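# Close look at the chain arrangement
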Amino acid sequence: MNKNDDAFDVCIDDAFDFLSEEYAELFNGSDATAFQHPLWLNSIYRRLVPAMAAKPLVIVVRRRSTGAMAAVLPLLRVRRGPMRTIEFADLRVSDYLAPVCSEQTFAELLQDKGACERLRQLVRPFDLLRIPKLLDARMPIENLLGAPHRASMDTNAYATVLSAPFEQWQINALGRSYMKELAKKWRQIHKKGTLTFSWCEDRASILEAMDVMRKFRGPRFQAHGDGDLLQRPEYFDFYSDVALRLDSFARIYTMKMDGNVIATALGLTHRDRLLIVMTAFDIEGYKSQSIGALTFESVARDCIERGYQVLDFTIGDEPYKMQFGGQPTPMSSVTQAGSAAGAVALFALRQAPWIKQAAKRMTEFRLPPARTSTGTR
């Protein structure tokens, strides 16, 4: 018998407390990402899950010998049209999905056949199991779930390595030509008035930044289906709840002209990196000054001064990310059919574009129509 057989107990705990000391200890010792942080997941389950009529499915793994928590899979049961889906606790706000455990623990769990089988039983029944936004294969969740091999997504994540001093990072990441172009933009914008850049440290400034962010993003994303997530009360409450946590996890920056906010950026801090979650700019007033690029350069400067090693632009193939030295990381997804209906939907997703779009409407959208997805955060 393998020494790891019967090493773990697996159960469902839908009342799981993501703010508990036990989970904080597990997360701090794990190889999970900022999007599995206690505050992030607590806000998802407390605010978004009820608003989206989803149901928690939190899988907790403990070591049988000690009872110590070894791993957590933060999952959801979601009705999307006629489809019963199992997904990670994402609901369109998280960029990276991962089991909450260490690589070593995950490897040990895979060797416990009884625990793996128990886990696979607990996630059923479903029509479709969908876990996109996987960064790498260090923890092959498809093996844990008995799902087919992961497939590549048609998008990448981007991150730039930071180094001090800031001026040297500019040369390495931006190149002298782009540095010269941004220097010109800085001169132009400074002529318009008194420019300041800082991160919000009190409730009033955070609420102001969030209100301005919602205002700027609305018209910008209006053409994309149901528009920007921030225009929906449940999502605005979610992001505001995270931003208002006055600790080191969330950070919101503002650029002001004569005291008025003209750009904002919401980020999450995790270990030695800052992950950009959401941005907004006064494009109409400062488009010719490349206000977005100036904001990202200011964020990079602040990160370097604080000793961060990485500025993570997260998912999306926008050209500006490579202009700032961002290196692409391929993303992958795991999908498994659990019924005949799920098999049909999964087949359609892999076919011609128009069929894929119809299948996506079936698997991603749920009634009423206002709950459509644009992929825009």
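Everything here concerns the structure above.
Thresholds, definitions, all that
Residues numbered from 1 in each chain as written. Predicted model: local features only at pLDDT ≥ 70, side-chain atom pairs only at ≥ 80, totals over all residues. Heavy atoms only, no water. Helix = DSSP H or I, 4+ residues; strand = E, 2+ residues; numbered from the N terminus. Buried < 20%, exposed > 50% of the residue type's maximum accessible area, 1.4 Å probe, protein only. Contact = heavy atoms within 4.5 Å. Areas by Shrake-Rupley, 256 points an atom, 1.4 Å probe, with all protein chains shown as cover. 1 Å grid on protein atoms, 1.4 Å probe; cavity = no way out; pocket = protein on both sides within 12 Å on 5 of 7 lines; lining within 4 Å. Points joined across faces, edges and corners; volume = space filled by probe spheres on them. Nonpolar A, V, L, I, M, F, W, Y, C, P; charged D, E, K, R; others polar. Phe/Tyr/Trp six-rings, centres within 6.5 Å; stacked < 30°, edge-to-face > 60°. Lys NZ or Arg CZ within 6 Å of the ring centre and 35° of its normal. Salt bridge = Lys/Arg side-chain N within 4 Å of Asp/Glu carboxyl O. Core = buried A, V, L, I, M, F, W, Y, C linked by side-chain atoms within 4.5 Å. Polar contact = N/O pair within 3.5 Å; in protein donor to acceptor, adjacent residues only side chain to side chain. Expected span 1.5 Å × (residues − 1). Pairing = 2+ DSSP bridges.

So, about the overall build of the protein. Broken down by element type, the protein carries 13 helices and twelve strands. Counting only residues that meet the buried cut, the protein has 53% of its 377 residues in that class. Nonlocal contacts in the protein, meaning residues at least 24 apart in sequence, comprise 72% of its contacts between residues at least 6 apart. If you sum the accessible surface of the protein, you get close to 17,100 Å²; carbon and sulfur atoms cover 52% of it.

Attention now goes to the layout of surface pockets. Roughly 530 Å³ of internal volume is contained in the second largest pocket. Residue lining of the second largest pocket: 26 residues in total, with D31, T33, L135, D136 and R138 positioned closest to the centre. For the lining of the second largest pocket, the elements supplying multiple residues, two or more each, are β6 (151-161), β10 (273-281), β11 (310-315) and β12 (327-337). Residues belonging to the lining of the second largest pocket are distributed by class as follows: 14 nonpolar, four polar and eight charged.

Enumeration according to the criterion identifies 19 aromatic pairs in this entry. Considering the side-chain rings of F35 and W40, the 5.3 Å spacing of their centres and the 75 degrees angle between planes classify their relative orientation as edge-to-face. In this structure F35 comes out as buried when scored by relative accessible area, which is 0%. Pairing W40 with F238 gives two aromatic rings, centres 4.9 Å apart and planes at 80 degrees, and the pair type is edge-to-face. With W40 in helix α2 (residues 38-51) and F238 in helix α8 (residues 233-243), this pair connects stretches of sequence that are 198 residues apart. You'll find W40 and F238 in the same group, each marked buried. The cationic tip of R214 hangs over the ring face of F236; the distance from NZ or CZ to the ring centre is 3.6 Å.

Under the criterion given, the structure shown has 19 salt bridges. For K133, the salt bridge goes to D90, with nearest N and O atoms at 2.8 Å. Separated by 43 residues along the polypeptide, K133 in strand β5 (residues 128-134) and D90 in the loop between β4 (83-88) and α3 (103-111) bring together distant segments of the chain. Relative accessible area serves as the criterion here: at 9%, D90 is assigned to the buried category. For R217, the salt bridge identified is with D228, shortest N-O distance 2.9 Å. On the criterion of sequence distance, the pair formed by R217 in helix α7 (residues 203-220) and D228 in the loop between α7 and α8 is long-range, its members being eleven residues apart. The exposure classification of R217 matches that of D228, with both residues buried. Several salt bridges converge on common partners, so that one network encompasses R46, R47, D241 and R245.

What follows deals with unusual backbone geometry. A cis amide bond links R124 with the next residue in sequence, P125, at an omega value of 5 degrees. In this fold, P125 is placed in the loop between α4 (113-122) and β5. Here the residue pair A164 and P165 is connected by a cis peptide bond, since its omega of 0 degrees sits within 30 degrees of zero. Position of P165 among the secondary structure elements: in the loop between β6 and α6 (166-190). For K133, which is not a glycine, the phi torsion comes out positive at approximately 60 degrees. Phi is positive for D258, close to 50 degrees, though the residue is something other than glycine. Within the secondary structure layout, D258 lies in the loop between β8 (250-257) and β9 (260-270).

General note: in soluble globular proteins, nonpolar side chains tend to be found buried as a group. Within the largest apolar cluster, 56 residues are counted, with the highest numbers of intra-cluster contacts made by Y23, W40, V72, Y239 and L268. The element best represented in this core is α2, accounting for seven residues. Apart from the residues lying within four places of it in its own chain, the contact partners of W40 are A34, F35, V93, S94, F238, Y239, V242, F249, L268 and V277. Residues L162, A173, L182 and I189 belong to the second largest nonpolar core, which totals 32 residues.

What follows concerns the environment of E142. Considering the arrangement of structural elements, one finds E142 in helix α5 (residues 141-145). On a C-alpha basis, the gap between E142 and S333 in space is 9.2 Å, while along the polypeptide they are 191 residues apart. With residues near it in sequence (within four places) discarded, E142 still touches A147, P148, H149, R150 and V334. Here the side chain of E142 touches R150 through a polar contact of 2.9 Å, side chain to side chain.

Between the first and last C-alpha of α7 there are 26 Å, a value that for 18 residues agrees with the 26 Å anticipated at 1.5 Å per step. Restricting attention to buried positions, one finds in α7 the residues S205, I206, A209, M210, V212, M213, F216, R217 and G218. Contacts made by the buried residues of α7 are with α8, β8, β9 and β10. A distance of 3.1 Å separates the backbone nitrogen of A204 from a side-chain oxygen at the start of α7, and that oxygen is part of D202.

Buried residues dominate β11, accounting for six of its six residues. Strand direction decides the pairing type here: β6 and β11, joined by five bridges, are antiparallel. Paired with V161 across the two strands is V310, which belongs to β11. Strand direction decides the pairing type here: β10 and β11, joined by three bridges, are parallel. Bridged to L274 within β11 is L311.

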